[in-house]
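What follows is the residue order along each chain.
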Amino acid sequence: MARSYVGEARRRGLGPRRERIRPIIERLARAHADAAIALRFETDIELLISVMLSAQTTDVNVNRVTEQLFRKYRRPEDYLAVPADELERDIYATGFYRQKTRSIRGSMRVLLEEFDGRVPRRLDELLRLPGVARKTANVVAAELGHAQGIVVDTHVRRLSQRLGLTRNDDPVKIERDLQRIVPRGDWGRFPHLLIWHGRRICDARQPRCADCVLFDLCPAARLT
Ligand code: SF4
C-alpha cells in the first residue's frame, strides 16, 4: 500500500477531498488549458488503434508509427486484408507487436461482425473487443465524448495519491474512489489534467512543489 496522504490532509487541516476536488480541477484547468490526449487520429477507428498501440510505449512513438500506418489502413477490413506478419512489421516499432497485431485483428473482426464496422460507445461493448482492457476502453469512450469511467494511468495514480484523493494503489480501486468525488461532467478531462500536471510539475522523483498551483491544497506539498 502506498503512503496515504488522506490522513495527512486531515492533519494539515486541508479539508475533505470532496471539498478540495473542485478547486483542484479549476486550478489545473487554468494551468493546463491545452491538456488533451497526445495521440494523433482523425477517425474513431484510428483512435481505437492508437490507444491499443500505446500500451507499454510513448504517445510520441505511437504517433510516429501511425503517421504511415493510417495511410495504408483506413477501414477495419484493411487490417484483415493483409497477412498478420505484414501488420506486425508495420507496427513493429511500438513493441509487443505480435500481441498487438492479434488484438487489433481480433478487434477489427468483432467490429465488423457485431458493430457494423463502427467503434461502440458503451464501455461494456468496448470491453468485448479482444485485447481491450478497462483503461483502453475508458480512454476511447472519453475521447468519443461518452466517459463512463476515469482513466487511471501512472500519472493519475501518483497524483491521486499525493493529493490525498485515494488510499489505494490498485487502479480499479483508485478509479472507484475518484468516481465518488469527481463531478461526472469532468470524468473525461480530469485524467488529462492530472497527466499533464504530472508531466510538467508533479514529477515522480522531483515534484516542483514551489511552482505548483495546488500547493495549498496538497498534503504531499513540500518546499525543498
Ligand atoms: S504540491 Fe507538490 S506533490 Fe502536491 S501536486 Fe503539487 S507538485 Fe505534486
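Above: the structure in question.
The structure presented is a predicted model; accordingly, all values stated were derived computationally and were not measured. The numbers attached to residues start from 1 for each chain and follow its sequence in the written order. pLDDT decides what is reported in this predicted model: residues at 70 or higher carry local features, side-chain atom pairs at 80 or more are listed and counted, and totals for whole chains, interfaces and linings draw on all residues regardless. Side-chain numbers here rest on the full set of heavy atoms in the structure, without hydrogens or water.

### Thoughts on the overall build of the chain
Only DSSP runs of H or I reaching four residues or more are called helices, and only runs of E reaching two or more are called strands; each is numbered from the N terminus. Summing up its helical and strand segments, the chain has 12 helices and zero strands in all. Radius of gyration here uses only the C-alpha atoms, and the compact-globule reference equals 2.2 Å multiplied by the residue count raised to the power 0.38. A globule of 224 residues ought to have a C-alpha radius of gyration of about 17 Å, and the chain, at 19 Å, matches this closely. Reported as C-alpha extents along the three principal axes, the dimensions of the chain are approximately 60 × 30 × 30 Å. Every residue pair with non-hydrogen atoms within 4.5 Å of one another is taken to be in contact. A separation of at least 24 residues holds for 60% of the contacts in the chain among residues at least 6 apart in sequence. Total accessible area computed for the chain in this model is approximately 11,800 Å², and 47% of it derives from carbon and sulfur atoms. Positive: Lys, Arg. Negative: Asp, Glu. His and the chain ends are not part of the count. Charged side chains are reduced to one point each, which is NZ for Lys, CZ for Arg, CG for Asp and CD for Glu. Averaging the locations of the 42 positively and 30 negatively charged side chains of the chain gives two centres separated by 7 Å. In these tables, accessible area is a Shrake-Rupley quantity obtained with a 1.4 Å probe, and a residue counts as shielded only by the protein chains included in the view.

### Re the environment of Glu143
Structurally, Glu143 is set in helix 9 (residues 134–143). The rule is simple: take the accessible area with a 1.4 Å probe, protein chains only, and divide by the maximum for that residue type; under 20% is buried, over 50% is exposed, in between is partly exposed. The class of Glu143 is partly exposed, set by a relative accessible area of 28%. Sequence-wise, Glu143 and Phe115 are 28 residues apart; in three dimensions their C-alpha atoms are separated by 18 Å.

### Structural notes on the layout of surface pockets
Only protein atoms enter the 1 Å grid used here, on which a cavity is any set of points holding a 1.4 Å probe that cannot leave and a pocket is any open set flanked by protein within 12 Å on both sides along at least five of seven lines; residues with an atom within 4 Å of a point are listed as lining. Grid points are joined across faces, edges and corners, and a volume is the space filled by probe spheres set on the points. Taken as a whole, the largest pocket spans an internal volume of roughly 960 Å³. Val51, Ser54, Ala55, Gln56 and Lys135 are, among the 35 residues lining the largest pocket, the residues nearest its centre. Within the lining of the largest pocket, the residues separate by chemical class into 16 nonpolar, 12 polar and seven charged. Three categories are distinguished: nonpolar for Ala, Val, Leu, Ile, Met, Phe, Trp, Tyr, Cys and Pro, charged for Asp, Glu, Lys and Arg, and polar for the others, with Gly belonging to the last.

### Quick word on the site of the ligand
Surveying the vicinity of the ligand reveals the residues Arg162, Ile201, Cys202, Pro207, Cys209, Cys212, Cys218, Ala220 and Ala221. Partitioned by chemical class, the residues of the shell around the ligand number eight nonpolar, no polar and one charged. Throughout this document, a residue counts as near a molecule or strand when at least one of its heavy atoms sits within 4 Å of that molecule or strand.

### Some points on unusual backbone geometry
Even without being a glycine, Gln56 presents a positive backbone phi close to 60 degrees. Relative to the assigned elements, Gln56 resides in the loop between helix 3 (44–53) and helix 4 (59–72). Assessed through its relative accessible area of 66%, Gln56 is described here as exposed. Positive phi, normally seen in glycine, also occurs at Asp116, with a value near 55 degrees. Its place among the elements puts Asp116 in the loop between helix 7 (97–114) and helix 8 (123–126).

### Considerations on the pattern of salt bridges
Any carboxyl oxygen of Asp or Glu that lies within 4 Å of a side-chain nitrogen of Lys or Arg is treated as forming a salt bridge with it. Inspection of every chain in the model, using the stated rule, returns 20 salt bridges. Residue Glu8 is joined to Arg11 by a salt bridge in which the shortest nitrogen-to-oxygen separation is 3.2 Å. Pair noted here: Glu8 and Arg11 are both in helix 1 (residues 6–11), with a separation of three residues, about one helical turn. Judged by its relative accessible area of 15%, Glu8 is buried. Among the residues examined, Arg11 registers a relative accessible area of 63% and is labelled exposed. In this structure, Glu88 and Arg98 form a salt bridge, with 3.9 Å as the shortest nitrogen-oxygen distance. One end of the pair, Glu88, is in helix 6 (residues 84–91); the other, Arg98, is in helix 7, with 10 residues separating them in the sequence. By relative accessible area, which is 16% here, Glu88 ends up buried.

### A closer look at the environment of Leu28
With respect to the helices and strands, Leu28 occurs in helix 2 (residues 17–31). For the pair formed by Leu28 and Val156, sequence separation is 128 residues and the distance between their alpha carbons is 13 Å.

### Re the side chain of His32
Structurally, His32 is set in the loop between helix 2 and helix 3. Residue His32 is classed as buried on the basis of its relative accessible area of 5%. Polar contacts, as counted here, are pairs of nitrogen or oxygen atoms within 3.5 Å of one another; within protein the pair requires one atom able to donate a hydrogen and one able to accept it, and residues that are adjacent in sequence qualify only if both atoms are side-chain atoms. There is a polar contact of 3.1 Å between the side chain of His32 and the side chain of Arg200. If near-sequence neighbours (up to four positions away) are discounted, His32 is found in contact with Leu193, Trp196, His197 and Arg200.

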